[in-house]
Structures are given as C-alpha cells and as structure tokens.
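# Summary of the model geometry
Each chain, written out:
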Amino acid sequence: MSIIKTLREAQGLTQVQLADRLSTSQPQIRRLEAGERRLTKEWAEKLAPHLGTTAAELMFGDPIPAATTAPSVPPAAIRVSSPVTSDNSGYLTAPANARLGDTLVDLQSKIPVYGQAVGGVDGEFVMNGDRLDDVFSPPSLSSVVGAYAVFVSGESMEPRYFDGEIVYVNPAKRVRRGDFVVAQIQSDEHAPRLAYVKRFVRWNSSELVLAQYNPIRELCFEADQVVSVHLAVMGGAV
C-alpha cells in the first residue's frame, strides 16, 4: 500500500479532504497514491504536515545507516593500455576516465507560475498576469527572458498533461506543427485573456487551430483574437 495512502487513512482523511487542504484536486492525490505521479520534494513538503510525518520520510522512508567499515576485498588488479599507477595496497589502478565539472550556474533562478485552480470546459483559464507561485527554472530556461510556467486545469489534455501538472514555457522559441503550446486568446478588448494548453495544428492569417485529446477535437480561433502562442518545453508534477 502507498505510504501516502497509509498515512492519510491513519489521519482519518479522505482523498477529497486532503486535496482541499493542499488546494489541489482529488485526481492529483489519487495519482500520487497510485504512483502515477512522481513524488517530488515540493509535493512531499506540502503533504508531510497533513500526514503527521516529514518530507524526508515520505520520499525515502527510514534513513539507511552509513557503512561503518570499508570493504575488506581489495579491487581486482586490472590490465590497461593507458598509464597506470600503484595505490597503497600495491594494486595497479587506472587513471580516472571522468571528473566532476564546475558547478552549473543559474540553478537557483526562479520563474513565475500562472493559472487557476479551476479551468473551463476546454481547460482554459484566465491569464491576467497574477502570479500563483514561483518555481525553480529548468536549466534550459535559466537564460531565457520571459520564461514562465502554468498549471494545467482540467483533463482535456490527458494522457499528455494531467490536472494540476506544471508546464514550463519558452516564449522565445519558434512553434512548429505538432508542438505543445500555451496559447493566449482574447475575444475582444474588454474580455479577459484566456490561456489554453493544447497541441499546435496551424496558425495563418485567418485562424489558429489547436488540438486537444480528451475529448478529441480541434479548437479554432480567429487570427485577430490570438495574443500569443508560446512553446511548452516540458511538464511534470510539482
């Protein structure tokens, strides 16, 4: 049985009650318990206070004791054609074939997350510039000006994207047919901007066409309603 489910039931909580406490959806809790969604550090830290445990125990279980003694069997002698040296045990050792490089830069940079807890029929959500959160930027986006992320609303793109997942967006990269995108649509100047996480089909002078998976259908928008179409570069649970 899943440790999350075990601890949830021990606290007397249903999946719906736990989801409400975390401001997420019941399907997201179900997927975490079933192992369909990877338990990340962020999710573990959110869950732990409500399950009476710690994030470390959720992710790793009981700590593994460190080894107290060194292996008693020395490494086997090897025959190599490259230069060799002798260690203190008298065995021949080959030089290292790799080494740790310099520390990667910009791993601590953050990007804003936009979205809504509840989306529309086709998973659309209002994108008015209000930040819901900030998350660490993937290395591929650390130097991209204007990079951002959105929360997926609804189930319209399952099984590619699930409700509650995060999608990272590169607004500077060209979009091609078949790419997954975040498209912003505004029906008129007084209407709110709506964002759609869909698959790109085509965009010409008359229309933008996007595809969704659940149910399978195409969404068409007039070209003058399109605010932007940005490339979705990766996604996952948070």
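In this numbering scheme, every chain counts its residues from 1 along its sequence in written order. Thresholds applied to this predicted model are a pLDDT of at least 70 for local features of residues and 80 or more for the giving and counting of side-chain atom pairs; totals over whole chains, interfaces and linings are not thresholded and use all residues. To obtain the side-chain values, all non-hydrogen atoms of the structure were included, while hydrogens and water were left out.

## Description of unusual backbone geometry
Quick note on the threshold: For the purposes of this entry, the term helix denotes a DSSP run of H or I that reaches at least four residues, the term strand denotes a run of E that reaches at least two, and both are numbered from the N terminus.
Of note, the amide linkage connecting glutamate 158 to proline 159 takes the cis form, showing an omega dihedral of 10°. Structurally, proline 159 can be placed in the loop between β6 (148–151) and β7 (166–170). Of note, the amide linkage connecting asparagine 214 to proline 215 takes the cis form, showing an omega dihedral of 0°. Relative to the assigned elements, proline 215 resides in the loop between β10 (207–213) and β11 (216–222).

## What about the environment of alanine 211?
Worth spelling out the cut-off: Whether a residue is buried, partly exposed or exposed follows from its accessible area with a 1.4 Å probe, protein chains only, as a fraction of its type maximum: under 20%, in between, or over 50%, in that order. Between two residues, a contact is recorded if the distance between any of their heavy atoms is within 4.5 Å.
Tracing the sequence through the fold places alanine 211 in strand β10. Note on alanine 211: relative accessible area 16%, which makes it buried. When residues no more than four places from it in sequence are discounted, the contact partners of alanine 211 are Met157, Lys198, Arg199, Val201, Arg217 and Glu218.

## As for the confidence of the model for the protein
Basically, it comes down to this: Each residue gets a pLDDT score, which is the predictor's confidence in that residue and runs from 0 to 100.
On average, residues of the protein score 79 in pLDDT, and 76% of them are at 70 or above. Note that pLDDT drops below 50 for residues 62–82; the model gives that stretch eight contacts with residues more than four away or on any other chain.

## Observations concerning empty space enclosed by the protein
Convention followed: Any residue with an atom within 4 Å of a point lines the site, the site being either a cavity, points on a 1 Å grid over the protein atoms alone where a 1.4 Å probe fits but cannot get out, or a pocket, an open set with protein on both sides within 12 Å along at least 5 of 7 lines. Grid points are joined across faces, edges and corners, and a volume is the space filled by probe spheres set on the points. Residue classes follow a fixed rule: Ala, Val, Leu, Ile, Met, Phe, Trp, Tyr, Cys and Pro count as nonpolar, while Asp, Glu, Lys and Arg count as charged, and any other residue, Gly among them, counts as polar.
Taken as a whole and assessed by the stated rule, the structure comprises one cavity of 30 Å³ or more. Put simply, the largest cavity is a space of about 40 Å³. For the lining of the largest cavity, the per-class residue count stands at three nonpolar, three polar and two charged.

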